[in-house]
Structure formats: structure tokens, C-alpha cells
Amino acid sequence: MVPPISIPRPVAFRAASAPGVISLPSDSRSPPPPSRAKHDIDQGPVRGDSSVPRGCATYQAEPEEAETEVPQKHIKRTHAKHHTAEAIETYYQRYLSGVVKDGTAPVLLELANEVDYAPSLMARIILERFLQEQEESPPSKSVINSMLRDPSQIPDGVLANQVYQCIVNDCCYGPLVGCIKHAIGHEHEVLLRDLLLERNLSFLDEDQLRAKGYDKTPDFILEVPVALEGHIIHWIESKASFGDECSHQAYLHDQFWSYWNRFGPGLVIYWYGFIEELDCNRERGILLKDCFPTDLVTLGQSIVQP
């Protein structure tokens, strides 16, 4: 019988001055340099009583992708060294010795901070090692993901607590962060849909396009193209994030150029701003904006006003 899980209060990370710490986001934010960031509003949190134009970022809390870019890059660079057989065994033995001394202490969280690794990724390493020892075979990815999403499925109450502590204290990775990002992304897709309907623009959304057999689609295809600043727009993609160079290049490679090949030129909206120099593919057919444009022109040559 699986022992009941006593859910602890989230354990805060150590102070930012301590080595190997990934700090949780706070209300005190440093905006990107104004000389390079393209944005119509302040980069701080958008409050409900702020005078933000409709069509710009109106979600209460930002996704913090710009703030988490540095720790994420560090994790990617150092990922391999944490997954060697020697490192995994060392971490697992340290976990076992730690919980023997005090099973309620945040052993895994402190270990992740000490070795400068994301807590949820450390939890995955230890969970995989634990299950491999129990089952004498590598656990499937689906089983691991299910247990990380719901630690009560882990057949060891102490480890379940340790995994939970790591998940709720990780600001960059893990199922909790994934859910938050998905919710914010969906919120902005709904916002974009409402704005298109207000402008009486006919469109097909992602679900309708997939029903037609398309496997890779933008958020919205305009059934009647519009013009924006002298460029024709066939599709619009919503990105509830800040457009930095690394993520934008990945999006170009994985998504935007595929959309361009299939549907023609289009528009990408980075709701939380972008680096101005990235808007360099206009002549090739990909425009960037940080809010819904108010100067769209239909085939009748009239500006679509809000």
C-alpha cells in the first residue's frame, strides 16, 4: 500500500547571490534594453487598472520567457554532464543518504541548487533511477511524465514529496510551468480571435485547418487576405512571449517558414515585445508586431479600424 503523501509547503530557492540557484519570478522585473526591444507598453506586469490599448498585452501575468532565457540556456549547455551514468548514480546515492537523515527535508531541491540544475529535471533523473531499480528495466517516458504530473502515483511517499517540492519550485521546466505557458498561450489566441471577429475578418482557426488535413498550421488563416504597411497578410500567428533572437530563429526554422511555404506571407504577433532587429524578413513575407495592428487594409482599400 502506498503511504499517504503529506504535501509540504513550497520550499523557496536560496538567495540569488548563492551559487547554483534559479530564482523564481517576482514582481520586480528588469525590462529589456529600450534601444533593442520593440514594445508599445512597459515590460513590467500589466495590471488590470493600467491603460493598455485593446489588442496589446492584457494578461495579468507575463510568461517570463525573456527572464528565464539565461537559466534555460545554461541548462541546455550543461544537460549532458548531468546524465552520465556516474553523475546519475552519484545523485541517486546522495538522495538516498539525504532522505535517510531527514525524509521531510528538501533533499532533491537542495541537490539541484547545489549542482546548478533545474529542480524538475533533477526530479526526473532520480525518479527514473528509482523506477529502474524497482522494475529492473528502464521505465517508459509516458509513465515518467504521468508521475511528474501527479506525484501521488509514485510508489514511494518520500520520493513523491521530494518530486512535488521540485516541481512547484521550478520556474523554467516541469509540468506546472508547461501548464502555465499553455494557459497563457491559449488566452492570447482567444484574444486574437476576438479581435479578428470585431474587425469582421473571415478566418479559419487551427482546429478547422487540421480537420482539413493540414498537419502544421498557424493559429489563423485569413480567408480573404489583408494588407499591412504595404505587405499582404494571409495568416497570423500568436506568440504569448517576448521575441528574443534564440527563440525567434527556432520559430522561423520550425514554424514560420513552413507557414510561408504553404500559405504565403503572414504576420507574427509577439504580445510581450520583440527585439526590433528581428523584424528583418518583411520583404520575404514575415512581419512582426507586438499588438494587433489597427491599420489593416482590406481588398476594398479601406483601413480596418477598431
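A brief structural summary. These numbers come from a predicted model, not from an experiment.

### Quick word on the pattern of salt bridges
Phase 1: One pass over the structure, following the stated rule, counts twelve salt bridges.
Phase 2: Taking the shortest distance from any N to any O, the salt bridge between Glu128 and Arg124 comes out at 3.9 Å. Of this pair, Glu128 and Arg124 both sit in helix H4 (residues 119-135), separated by four residues, roughly a single helical turn.

### Comments concerning the pairing of strand S4 (residues 231-239)
Phase 1: For S4, the buried fraction is high: seven of the nine residues fall into the buried class.
Phase 2: Where strand S3 (residues 220-228) and S4 come together, five bridges link them in antiparallel fashion. Note that in S4 the partner of Ala227 across the bridge is Ile232.
Phase 3: Hairpin geometry of S3 and S4 is characterised by an intervening segment of two residues between the two adjacent antiparallel strands and by a positive phi of about 55° at Glu229.
Phase 4: Where S4 and strand S5 (residues 266-270) come together, five bridges link them in parallel fashion.

### Remarks on the packing of helix H2 (residues 85-101) against H4
Phase 1: For the pair H2 and H4, interaxial distance at closest approach is 10 Å and the crossing angle is 85°. With respect to each other, H2 and H4 are oriented roughly perpendicular. Across the interface between the two elements, Ile88, Glu89, Tyr91, Tyr92 and Tyr95 of H2 pack against Met122, Ile125, Ile126, Arg129, Phe130 and Glu133 of H4.
Phase 2: Partitioned by chemical class, the residues of the contact of H2 with H4 number eight nonpolar, no polar and three charged.

### Examining the packing of aromatic side chains
Phase 1: By the definition in use, this model includes eight aromatic pairs.
Phase 2: Ring geometry for Phe203 against Phe220: centres 5.2 Å apart, planes inclined by 90°, an arrangement best described as edge-to-face. Taken together, the residues Phe203 in strand S2 (residues 203-205) and Phe220 in strand S3 connect sequence positions 17 residues apart.
Phase 3: Among the aromatic residues, ring-to-ring pairing joins Trp235, Tyr251, Phe256 and Tyr259 into one connected group.
Phase 4: For the cation-ring pair, Lys239 lies above Tyr251, with the distance from its terminal atom to the ring centre recorded as 4.0 Å.

Rules and cut-offs
Along every chain, residues carry numbers that run from 1 in the direction the sequence is written. Whole-chain, interface and lining totals are the exception, using all residues; otherwise, since this is a predicted model, local features are given only for residues with pLDDT of at least 70 and side-chain atom pairs are given and counted only at 80 or more. Based on all heavy atoms of the structure, the side-chain values leave hydrogens and waters out of the count. Salt bridge, as applied in this entry: a Lys or Arg side-chain nitrogen positioned within 4 Å of an Asp or Glu carboxyl oxygen. Comment: elements are numbered from the N terminus, with helices defined as DSSP H or I runs of at least four residues and strands as E runs of at least two. Here the term buried applies to any residue with accessible area under 20% of the maximum for its type, exposed to any over 50%, and partly exposed to those in between, with areas from a 1.4 Å probe on protein chains only. Note on pairing: two strands pair once DSSP finds at least 2 bridges between them. In this description, a line fitted to the C-alpha atoms serves as the axis of each element, helices being fitted only across the stretch in contact, and the angle between N-to-C directions of two axes falls anywhere from 0 to 180 degrees. Oblique is the label for any angle not under 35 degrees, not over 145, and not in the 65 to 115 range, which are roughly parallel, roughly antiparallel and roughly perpendicular in turn. When checking whether two residues touch, look at their non-hydrogen atoms; a contact exists if any pair is within 4.5 Å. Each residue gets one label: Ala, Val, Leu, Ile, Met, Phe, Trp, Tyr, Cys and Pro are nonpolar, Asp, Glu, Lys and Arg are charged, and the others, such as Gly, are polar. Centre distance within 6.5 Å is the pairing criterion for rings of Phe, Tyr and Trp, where only the six-membered ring of Trp is used; planes under 30 degrees apart are then read as stacked, over 60 as edge-to-face, and the remainder as tilted. Definition used: whenever NZ (Lys) or CZ (Arg) falls within 6 Å of the ring centre and also within 35 degrees of the ring normal, the charge is taken to sit over that ring.

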